[in-house]
Amino acid sequence: MDNGFNALKSWGIHVPDEYDSALEYLMQNYPDNMFYIDSCPYTVSSNEKYGQFEVFYQQVLQGKLSKKSFLELEIKYLNVIIELWLYNKINVEFNSDWLWIRNKRRIVDKKYRKQLKDLIHKVKTTNIIEVTDRLELELIVQLGIRDVVSTTFYIENYEILIDPSWSCFIVYFKNIDLKEVVKDIVMTEGLYLRPGKISLRE
């Protein structure tokens, strides 16, 4: 199957075979090019406090958080991806294990059921696809933010990688000058683009 390593080759980035993911390689070798898109403008040093601030869709399913509150945050991240999609070719890489998650239809909004069916069919033969349909893009963002599937977005024209990670996005810029372009988009949605020490969360 295709993977993000091939996508990065077109950017002049060659990931050694010993790495399991493109993100892992980029974080270890290009730390100054890594950023967060987050609802906090600065790094929160207290894990205890940040843990009470983070928002997860599982909290909605458990009745601990209203869906309205979750959607207010989700739409901000969705709009960031849509704005980037308008100006770029976007390829998305999937962890194919998500195909077997039984409750994914319960988590996905009903208006995306057709797109979900089509997407499941597509990723049976490849785990990286180009997204040209807005509804399909909205579905994919929702799947990632609601923790149904692990996704990585390759923003081709800008050569930016975005990896949704819990309640934030991890971002790699090949060209750091494009940071200001993305910062404008992000701040319009009431979010922040901030540097910081990036680590994969278990």
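Look a little higher up for the structure.
(A) The sheet that holds strand β5 (residues 160-165), seen in detail. If you trace the 7 strands from one edge of the open sheet to the other, you get β3-β2-β4-β5-β6-β1-β7, paired in antiparallel fashion. Pairing within the sheet leaves two strands with one partner each, and these edge strands are β3 (128-130) and β7 (192-195). Across the sheet, the mean angle from the axis of one strand to that of its neighbour is 25°, orientation sign disregarded. Two elements, strand β2 (residues 90-94) and strand β4 (residues 151-155), share 5 bridges in a ladder whose sense is antiparallel. In the strand pairing of β4, F94 is matched with T151. Sitting on the sheet, helix α2 (residues 22-29) touches β1 (34-38), β4, β5 and β6 (168-173), and the angle it makes with β5 is about 110°.

(B) Representation of the environment of W11. Note on placement: W11 falls in the loop between α1 (4-9) and α2. The spacing of W11 and Y158 is 147 residues in sequence and 9.9 Å in space, taken between C-alpha atoms. Setting aside residues up to four positions removed in sequence, W11 forms contacts with Y154, I155, E156, E159, I160, L161, Y172 and K174. Within the local environment of W11, its side chain forms a polar contact with the side chain of E156, the two groups lying 2.8 Å apart.

(C) Structural view of the packing of aromatic side chains. Throughout the structure, instances matching the rule amount to 6 aromatic pairs. Ring plane angle 80° and centroid distance 5.1 Å describe the contact between Y19 and Y25, whose orientation is recorded as edge-to-face. Accessibility classification places Y19 together with Y25 in one group, the buried group. Relative to F173, the ring of F35 has its centre 5.6 Å away and its plane inclined at 85°; by these criteria the two rings are edge-to-face. Here F173 lies in strand β6 and F35 lies in strand β1, a separation of 138 residues in the sequence. Judged by its relative accessible area of 6%, F35 falls in the buried class.

(D) Structural context of helix α7 (residues 113-122). Considered for burial, the residues of α7 that qualify are Q115, L116, L119 and I120. Looking straight down α7, one finds that the buried residues subtend no more than 135° of arc, so they occupy a single side. Set apart from the buried face of α7 by more than 90 degrees, the exposed residues are K114, K117 and H121.

Definitions and limits used
- Residues numbered from 1 in each chain as written.
- Predicted model: local features only at pLDDT ≥ 70, side-chain atom pairs only at ≥ 80, totals over all residues.
- Heavy atoms only, no water.
- Pairing = 2+ DSSP bridges.
- Helix = DSSP H or I, 4+ residues; strand = E, 2+ residues; numbered from the N terminus.
- Axes fitted to C-alpha atoms, helices over the stretch in contact; angles between N-to-C directions.
- Contact = heavy atoms within 4.5 Å.
- Polar contact = N/O pair within 3.5 Å; in protein donor to acceptor, adjacent residues only side chain to side chain.
- Phe/Tyr/Trp six-rings, centres within 6.5 Å; stacked < 30°, edge-to-face > 60°.
- Buried < 20%, exposed > 50% of the residue type's maximum accessible area, 1.4 Å probe, protein only.
- Arc of directions from axis to C-beta.

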